[in-house]
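Given next are the chains, with one letter for each unit.
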Amino acid sequence: MNLVLLLPAALGALLALAIPLLIHLSRRQQYRPTVFAALRWLRASPKPRRRVRFDEWPLLLVRLLLLALIALWLARPVLHGAPDTTPWTVVAPGVPDGQVRQLAGNGEGELRWLAAGFPPLSQPAPASPQPVASLLRQLDAELPGGAALRVVVPERLSGLDGGPLQLSREVEWHVVPAGDVAPRQVEAAPRALVVRHAEGQEEAVRVLRAAVLALREPGGGEPAFEAAAVDEPLPGGMRRLAWIAPGPLPDAARRWIEDGGAALLGPGTGLELADAEWRAVWRDDDGTALVEEAALGRGRVLRLHRPLRPADMPQLLEPSFPHRLQALFEPPPMPTRAFAQDVAPVRIDVAWPAAPRALQPWLAVLVALLALLERWLATSPRRGGRA
Amino acid sequence: MDDDLLPPSLRARLRELRIGSRRISPLRGGGVHRSRDRGAGLEFSQYRGYEPGDEPRRIDWKLYARSDRFFVREAERDSPLTAWVLLDASASMAQADESRPQWTRLDAGKALAAAIAEVVVRQGDHIGLAVLRDGAMRLAPAAPGARQRDRVLLELHGVEARGVFPAGERLMPLWARIGADELVVFIGDCFDEACIALAERLAGARREVVVIQLLTVAERDFPFDDGRMFRDPETGDTLPGDGRALREGFLARFGDAQRALHARLDAAGIRHAVHVLDEPLERPLRQLFANDAEAAGA
């Protein structure tokens, strides 16, 4: 168990200790008048002994202690090796209100929502969904090793991510039945595609148009598809571009991509990207990369390695090509919902460094008490009203 | 009124006290016994034959009628004591101790003066009072009786410490009033050269002088621990200093001065006692007059 200061420079505030010392010292310079008839036998001492002395020791000590504690408080002390083993109970949003009230009424230890910042259970339920898996890992890392953790989750848990829940401790995984929650309606992303092509690339345009048409919703209208020559300005409001033209990419198009667009560039298009990491997002059966992806500004660039012609790229003829194209532009979301029973955390042997215990709240209480004591001492009547 | 001056504890002790003079006997160095000198007086002692030179009024004419011879009636000589209290009331007498700020040196002096007046009047002797202050003095000429005692107490009651000790011409009335062989009790702090000189001159002129020196606790112990601005009440001089730093030197010098003073008084044949304000008041009286009480009992 050792004390560590997270901000030792704040101990410079200890210089303020000089203030009460000076206050208590300066009053010492006065001489009390004293009638003394035997003055003729008194001699002024040849070397006046100026001893440093202070009056009102108790008050001075309290004031010094108060300032020292404030400086310590500013230095943010933490205590290592004194784990707080208070058991924690966290409740995921989505648990029925009745259960939550019951828990808040008779639960022991810390009762928190499994939400960002871990608000107390007495507060209203945070908005759903929360990144439950991520929060659980955070909590597991922050809690001291000995603290028991109990998690109350609804039957259907959302806010998961792709990774398995592997925590460093045994978790009491308490699943409560919850009413059916209506599945979230996913907004259909606009699938409009803008194509800019050079002369003689009409075949690629045809392929793209066919793919967009194939993705048409049953009963939906004509998906927006605009094909034009490269010198046509790019329309606003659209986020997908296919640039099928040899030669360097014009600055206007580049800015359009950097502004948040996703662009599929033909094999002959030149684009200078400094220190960009190209990542293959589509490979053929031999493992050769067909499309590579890199970030550009807020947008993405997808670089085709082959011309969009069935002769060069037989994959264009496969029935899955339209969905491939769709996935290139908009990767499908990861599954975030699961039955809570199936995603119960698994214990793995991993030791997080124990989170140190912050001492600031206790110091704050101590400082407040000392401040009260100082005021009481300073204003008590036996000091003769010298406050 | 006198209750203010005399603390009850002191009044209770006064019964045992007897104030006498060592010089009442005409036989110098006669020792502790009181005079058996015969002469004119009230108490009959014996008859003796007439001798030329005897006053005719002292002849017992009735005895002459019976025996046809001249006899002179002799009586034990009545030798009343006359005691004077000289009270120093200069400004330094107003000093008191911080532990007991209401009890000044002058208060102790008044109590001692009242006690002496009480005892002397009870013995049927004469008491006189001189208050020395403010460069002048107030006199209550010696007289016997309860009225004189009340007069002395009244005089004492109005005394306040002020000014400096009188000197020179101002003291002349004392010489006119205080006769030879009379007892003079001087009460004061004895810091002034003038008062010591007065006591020495009185003693040198055949007055029996007794000195009671009044000191404060501060002068004996110098108990100051902090910074002080010391002020002499009579000269107005001031001296700033730290009590701890000054203590050793002051106590040494003051002790030397006291020893020198006592040596001077001893050399002048003056009996003396020191009373510090936190001590019982009857102690100096006992110290000075205990021998007289023994002599009276003998």
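Residues numbered from 1 in each chain as written. Chains lettered and ligands numbered in written order. Predicted model: local features only at pLDDT ≥ 70, side-chain atom pairs only at ≥ 80, totals over all residues.

Looking now at the overall build of chain B. Summing up its helical and strand segments, chain B has 10 helices and 12 strands in all. Taking all 298 residues of chain B together, 36% fall into the buried category. Residue pairs at least 24 apart in sequence account for 75% of intrachain contacts in chain B once pairs closer than 6 positions are excluded. (Helix = DSSP H or I, 4+ residues; strand = E, 2+ residues; numbered from the N terminus. Buried ≥ 20, exposed ≤ 12 C-beta atoms within 10 Å, placed from the backbone. Contact = placed C-beta atoms within 7 Å.)

Membership of the largest hydrophobic core comes to 74 residues, with the highest contact counts inside it found for Val85, Ile116 and Val185 of chain B. Residue contributions to this core peak at 12 residues, all from helix α4 (residues 105-122) of chain B. Beyond its immediate chain neighbours, meaning those up to four positions away, isoleucine 116 of chain B contacts Ile19, Ala83, Val85 and Val185 of chain B. Ranked by size, the runner-up nonpolar core spans 25 residues in total, among them Ala204, Leu208, Ala242 and Leu302 of chain A. (Core = buried A, V, L, I, M, F, W, Y, C linked by C-beta atoms within 7 Å.)

Residues and elements named next belong to chain A. The contact between helix α2 (residues 57-74) and helix α8 (residues 360-379) brings their axes to 9 Å, and the two run at 155°. Between α2 and α8, the angle falls in the class roughly antiparallel. As α2 runs across α8, the sense of the crossing is left-handed. Together, Pro58, Leu59, Val62, Arg63, Leu65, Leu66, Leu69, Ile70, Leu72 and Trp73 of α2 and Gln360, Leu363, Ala364, Leu366, Val367, Leu370, Ala371, Leu373, Glu374, Leu377 and Ala378 of α8 make up the contact between the two elements. Split by residue class, the contact of α2 with α8 holds 18 nonpolar, one polar and two charged. (Axes fitted to C-alpha atoms, helices over the stretch in contact; angles between N-to-C directions. Parallel < 35°, antiparallel > 145°, perpendicular 65-115°, else oblique. Left-handed = near helix turned anticlockwise from the far one by under 90°. Nonpolar A, V, L, I, M, F, W, Y, C, P; charged D, E, K, R; others polar.)

Let us look at the sheet that holds strand β14 (residues 262-265) of chain A. The pairing of strands in a sheet happens through backbone hydrogen bonds and is either parallel or antiparallel. All names here are of chain A. Ordered by their spatial adjacency, seven strands build an open sheet running β11-β10-β12-β14-β18-β17-β16, and the pairing between neighbours is mixed. Strands with a single pairing partner mark the edges of an open sheet, and in this sheet they are β11 (225-229) and β16 (279-283). The sheet shows a mean angle of 20° between the axes of neighbouring strands, taken without regard to direction. Sheet topology note: the β14/strand β18 (residues 299-304) ladder contains four bridges and is parallel. When the bridges of β18 are listed, alanine 262 appears paired with arginine 300. Helix-sheet contacts for helix α5 (residues 202-214) involve β10 (193-197), β11 and β12 (240-244), and the interaxial angle to β10 is about 175°. (Pairing = 2+ DSSP bridges.)

Between chain B and chain A, the residue contacts involve 26 residues of the former and 17 residues of the latter. Put simply, the parts of the chain that give the side of chain B that touches chain A at least two residues each are α8 (217-221), β10 (227-231), β11 (238-242) and α9 (243-267) of chain B. The leading source of residues in the side of chain B that touches chain A is α9 of chain B, at seven residues. When grouped by side-chain class, the residues that make up the side of chain B that touches chain A number 12 nonpolar, five polar and nine charged. Here strand β2 (residues 32-35) of chain A pairs with β10 of chain B via four bridges, running parallel. Directly across from valine 35 of chain A, in β10 of chain B, lies its bridge partner arginine 231 of chain B.

Right, let's get into the confidence of the model for chain B. Residues and elements named next belong to chain B. With 87% of its residues at a pLDDT of 70 or more, chain B has an overall mean of 83. Note that residues 25-37 has pLDDT below 50 and, in this model, 13 contacts with residues that lie over four places away or in other chains. With pLDDT under 50 throughout, residues 293-298 is counted as low confidence; its partners more than four residues away or in other chains account for nine contacts. (pLDDT = per-residue confidence, 0-100.)

All right, on to the pairing of β12 of chain A then. Residues and elements named next belong to chain A. Within β12, five of the five residues are buried, leaving the element largely enclosed by the surrounding structure. Side chains of β12 alternate between two faces, with Arg240, Ala242 and Ile244 and Leu241 and Trp243 buried alike. Pairing of β12 with β14, which is carried by four bridges, proceeds in the parallel orientation. For arginine 240, the partnering residue across the bridge sits in β14 and is alanine 262.

So, about the environment of glycine 163 of chain B. The residue glycine 163 of chain B is located in the loop between α5 (146-157) and α6 (172-177) in this model. Along the sequence, glycine 163 of chain B and alanine 91 of chain B sit 72 residues apart, while their C-alpha atoms lie 5.1 Å from each other.

Taken together, three strands build an open sheet; the order of strands is β2(A)-β10(B)-β11(B) and the sheet is mixed. Two strands lie at the open edges of the sheet, namely β2 of chain A together with β11 of chain B, each paired on one side alone. The sheet shows a mean angle of 30° between the axes of neighbouring strands, direction not considered. On top of the sheet, α9 of chain B reaches β10 and β11 of chain B; it is set at about 110° to β11 of chain B, its chief contact.

Take the packing of α4 of chain B against α5 of chain B next. Residues and elements named next belong to chain B. Packing of α4 against α5 brings their axes to within 10 Å, and their N-to-C directions diverge by 175°. Between α4 and α5, the angle is such that the two are roughly antiparallel. The segment α4 lies against α5, with Lys110, Ala113, Ala114, Ala117, Glu118 and Val121 engaging Ala146, Gln148, Arg149, Val152, Leu153 and Leu156. For the contact of α4 with α5, a count of residues per class yields eight nonpolar, one polar and three charged.

We note that phenylalanine 118 of chain A has phi near 50°; this positive angle belongs to a residue other than glycine. Phi at aspartate 181 of chain B is positive, roughly 65°, even though this residue is not glycine. Tracing the backbone through its elements, the reader meets aspartate 181 of chain B in the loop between α6 and β8 (183-188).

Residue and element names in this part refer to chain B. With respect to the helices, strands and loops of the structure, leucine 183 is situated in strand β8. It is 7.6 Å that separates the C-alpha atoms of leucine 183 and valine 210, two residues lying 27 residues apart in sequence. In this view, leucine 183 contacts Ser21, Leu81, Thr82, Ala83, Trp84, Glu208 and Val210; residues no more than four positions away in its chain are not counted.

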